[in-house]
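Chain by chain, the residues run as shown.
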Amino acid sequence: MALYVQKFGGTSVGSVDRIKAVAEKVKGFRDQGHQVVVVVSAMSGETNRLTDMANALNEDPAPREMDMLLSTGEQVTISLLAMALQQIGVSATSHTGAQVGIHTDSAYTKARIQRIETDDLKADLEAGKVVVVAGFQGVDENGNITTLGRGGSDTTGVALAAALGADECQIYTDVDGVYTTDPRVCTKAQRLESITVEEMLELASLGSKVLQIRAVEFAGKYNVPLRVLSSFEDGPGTLIVADADQDEDSMEEPLISGIAFTKNEAKLTLLHTPDVPGVASRILGPIADANIEVDMIVQNVAPAGDYTDFTFTVAKGDYKATKKLIEETVIPDLGGGELRGDDNIAKVSLVGVGMRSHAGVASKMFRVLADENVNIRMVSTSEIKISVVIDEKHMELAVNALHKAFGLDKANIESE
């Protein structure tokens, strides 16, 4: 008998019929003798509906009241799923985040889990019940309802699995696993049998939307086996594991596990800036003070040691604000400079732990792009990642060419 924590997102519980289907899936695990804790999101569209009502009443609603409001979406789902389970003969009980003992800090709309009390939850499991828990929410030390922010239900699932010592945390979504890249862009994308936490973190941060970063971080920190599965079809999904060396037979598998990409990037270059200590801080400091995140940074070497060019990327949504900030604040502070910008760019990234022990990945990537006449604007690397900035119009061409060149077209690839 195993203990599974299963998380179902809004699409998976988006209607009464889908809730019935989830109940049948959970019943299948109970019939095999397993203990099951189910974490659910609000039904698809419900959070947006509640937010729209709040904004119709108040353009700037208090964060505490927003948490009180938004937490009701999951409360509807847990009660309906418990009813559906009971209807098919499965003993089940529903719990809000507060009732199950998920304690958080008081950062409304983006709270962090501090501890989970599991005594009551374990008692229900020992009594043979399926425990249905509202994702995305908890309670602070003063008894106020809090929500965990973007990806909160995934985080709830992984946190409960860690607290209970579950055999596996299963994240059910509308896809059947983690793919080598987005199948909508590359038709030959293949499902990965497994991938490391480290690789999944990189893919999530670089644009892959299968899992939220916080949930993957939690799984890595507490060594929780995490599996991505489809709510709508059977299959093994993708297992996300802590270490890359769990299977010695896979050592000669492809160096690259996945290709991530995003169009949500904009590039700014400040030309003719003084090549003296402290200039980078004077450029990026005001941007950080405006709560704008900078991604890639490149500073050219000044030929004569007097002036240089400073290039960086930000999210496309921050492009105009950043441009205005540089023109009105940074350039006057530096005593001059010319600003150029481009918001028609894309970032394409290769991710794989095999890069640590194999040379030549970067040179092969650059050669493949050159053969396709794709110009590279910027480059950023880490131990297991190489990212390039290219023109947005070449993104799909680049992804498909790299996917083929690095042997990702074959099925059931297993990460190193």
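Residues numbered from 1 in each chain as written. Predicted model: local features only at pLDDT ≥ 70, side-chain atom pairs only at ≥ 80, totals over all residues. Heavy atoms only, no water.

Labelled according to an unreviewed UniProt entry, the protein appears under the name Aspartokinase, originating from Vreelandella songnenensis. Recorded in UniProt for the protein, the comment headed Catalytic activity (unreviewed entry) runs: "L-aspartate + ATP = 4-phospho-L-aspartate + ADP". (UniProt positions renumbered as here; feature names shortened; annotations may be inferred.)

Q: How do you make sense of the overall build of the protein when you look at a structure like this?
A: Scanning the protein for helices and strands turns up 12 helices and 19 strands. Taking 416 residues into account, the globule formula puts the C-alpha radius of gyration at 22 Å, and the protein, at 24 Å, falls close to it. Dimensions of the protein along its principal axes, counting C-alpha atoms only, are 80 × 55 × 30 Å. Counting only residues that meet the buried cut, the protein has 50% of its 416 residues in that class. Taking as baseline every contact in the protein between residues at least 6 positions apart, the subset at least 24 positions apart corresponds to 75%. In the protein, 38 positive and 61 negative side-chain charges are present, and the distance between their average locations comes to 4 Å. (Helix = DSSP H or I, 4+ residues; strand = E, 2+ residues; numbered from the N terminus. Rg over C-alpha atoms; globule rule 2.2 N^0.38 Å. Buried < 20%, exposed > 50% of the residue type's maximum accessible area, 1.4 Å probe, protein only. Contact = heavy atoms within 4.5 Å. Lys, Arg positive; Asp, Glu negative; His and termini not counted. Charge placed at Lys NZ, Arg CZ, Asp CG, Glu CD.)

Q: Just to check I follow, could you spell out the environment of Met-296 for this structure?
A: Relative to the helices and strands, Met-296 resides in strand S14 (residues 294–299). A residue is classified by how much of its surface remains accessible, and Met-296, at 4% relative accessible area, is buried. Spatially, the C-alpha atoms of Met-296 and Val-379 are 8.0 Å apart, while their sequence positions differ by 83 residues. Residues in contact with Met-296, not counting those within four places in the same chain, are Thr-311, Phe-312, Thr-313, Lys-347, Met-378, Val-379, Ser-380, Ser-387 and Val-389.

Q: How should I be thinking about the packing of aromatic side chains in this particular structure?
A: Think of a pair of aromatic rings as described by two things: how far the centres are apart, and how the planes are tilted against each other in angle. Evaluation of the coordinates by the stated rule reveals 4 aromatic pairs. Residue placement shows Lys-364 over the ring face of Phe-406; its charged tip is 4.7 Å from the ring centre. (Phe/Tyr/Trp six-rings, centres within 6.5 Å; stacked < 30°, edge-to-face > 60°. Lys NZ or Arg CZ within 6 Å of the ring centre and 35° of its normal.)

Q: When you look at the side chain of Ser-257 in this model, what are you seeing that I'm missing?
A: If you trace the backbone, Ser-257 turns up in the loop between strand S12 (238–241) and strand S13 (258–274). A polar atom in the side chain of Ser-257 sits 2.8 Å from the side chain of Glu-199. (Polar contact = N/O pair within 3.5 Å; in protein donor to acceptor, adjacent residues only side chain to side chain.)

Q: Looking at this model, I keep getting lost on the pattern of salt bridges. Mind explaining?
A: Opposite charge on two side chains makes pairing possible when the charged atoms of those side chains draw close. This structure, assessed with the given rule, holds 18 salt bridges. Across the salt bridge formed by Glu-265 and Lys-347, the nearest N and O atoms sit 3.5 Å from each other. One end of the pair, Glu-265, is in strand S13; the other, Lys-347, is in strand S16 (residues 338–351), with 82 residues separating them in the sequence. Like Glu-265, the residue Lys-347 is buried in the burial classification. Here Glu-392 ties to Lys-316 by a salt bridge, and the two come within 3.3 Å at their closest N and O atoms. With Glu-392 in the loop between strand S18 (385–391) and helix H12 (395–405) and Lys-316 in the loop between strand S15 (307–314) and helix H10 (319–334), this residue pair connects regions lying 76 residues apart in the sequence. A relative accessible area of 23% means that Glu-392 is categorised as partly exposed. Given the relative accessible area of 28%, Lys-316 is considered partly exposed. Look at the salt bridges and you will find they share partners, linking Glu-198, Arg-356 and Glu-383 into a network. (Salt bridge = Lys/Arg side-chain N within 4 Å of Asp/Glu carboxyl O.)

Q: Hey, could you run me through the UniProt feature "binding site: substrate" (unreviewed entry) in the protein in this one?
A: When the UniProt feature table is mapped to this numbering, "binding site: substrate" (unreviewed entry) covers Thr-47 and Glu-74. Across 28 residues of sequence, these annotated residues stay compact in space, with a maximum C-alpha separation of 9.1 Å. On the secondary structure map, Thr-47 appears in helix H2 (residues 46–57). In this structure, Thr-47 is in contact with Ala-42 and Leu-70, ignoring residues within four places of it in sequence. Its location among the elements puts Glu-74 in helix H3 (residues 63–87).

Q: What's the story with the layout of surface pockets in this structure? I'm lost.
A: Over the atoms, a rolling probe the size of a water molecule traces out where space has been left empty. Here the second largest pocket defines a volume of roughly 270 Å³. Residue lining of the second largest pocket: 14 residues in total, with Ile-113, Ala-159, Phe-218, Lys-221 and Tyr-222 positioned closest to the centre. For the lining of the second largest pocket, the secondary structure elements donating two or more residues are strand S5 (113–116), helix H6 (152–164) and helix H8 (213–222). Looking at the lining of the second largest pocket residue by residue, the class counts come to 7 nonpolar, 2 polar and 5 charged. (1 Å grid on protein atoms, 1.4 Å probe; cavity = no way out; pocket = protein on both sides within 12 Å on 5 of 7 lines; lining within 4 Å. Points joined across faces, edges and corners; volume = space filled by probe spheres on them. Nonpolar A, V, L, I, M, F, W, Y, C, P; charged D, E, K, R; others polar.)

Q: How should I be thinking about the pairing of strand S2 (residues 35–40) in this particular structure?
A: Remember that side chains alternate between the two faces of the sheet whenever the strand is regular. Taken across its 6 residues, S2 has 6 buried, putting it largely inside the fold. Residues Gln-35, Val-37 and Val-39 of S2 are buried on one face, and the alternating residues Val-36, Val-38 and Val-40, pointing to the opposite face, are buried as well. Where strand S1 (residues 3–8) lies against S2, 6 bridges are found, and the strand directions are parallel. Each residue of the ladder has a partner; that of Lys-7, found in S2, is Val-39. Handedness of the crossover is the feature at issue here: the chain leaves S1, passes through helix H1 (residues 16–31), returns alongside S2, and the resulting connection is right-handed. Relative to strand S6 (residues 130–134), S2 runs parallel, the two being bridged by 4 bridges. Its bridge partner lying in S6, Val-37 is registered against Val-131. (Pairing = 2+ DSSP bridges. Right-handed = clockwise from strand over helix to strand, strands pointing away.)

Q: Looking at this model, I keep getting lost on unusual backbone geometry. Mind explaining?
A: In most cases, non-glycine residues show a negative phi, while peptide bonds are predominantly trans. Backbone geometry places His-272, a non-glycine residue, at a positive phi of 60 degrees. Along the chain, His-272 turns up in strand S13. According to the relative accessible area criterion, His-272 is partly exposed, its value standing at 48%. Residues other than glycine seldom take positive phi values, yet Asn-373 does so here, at roughly 60 degrees. As for its placement among the helices and strands, Asn-373 is situated in the loop between helix H11 (361–371) and strand S17 (378–382). Of the residues examined, Asn-373 reaches a relative accessible area of 66% and is grouped as exposed.

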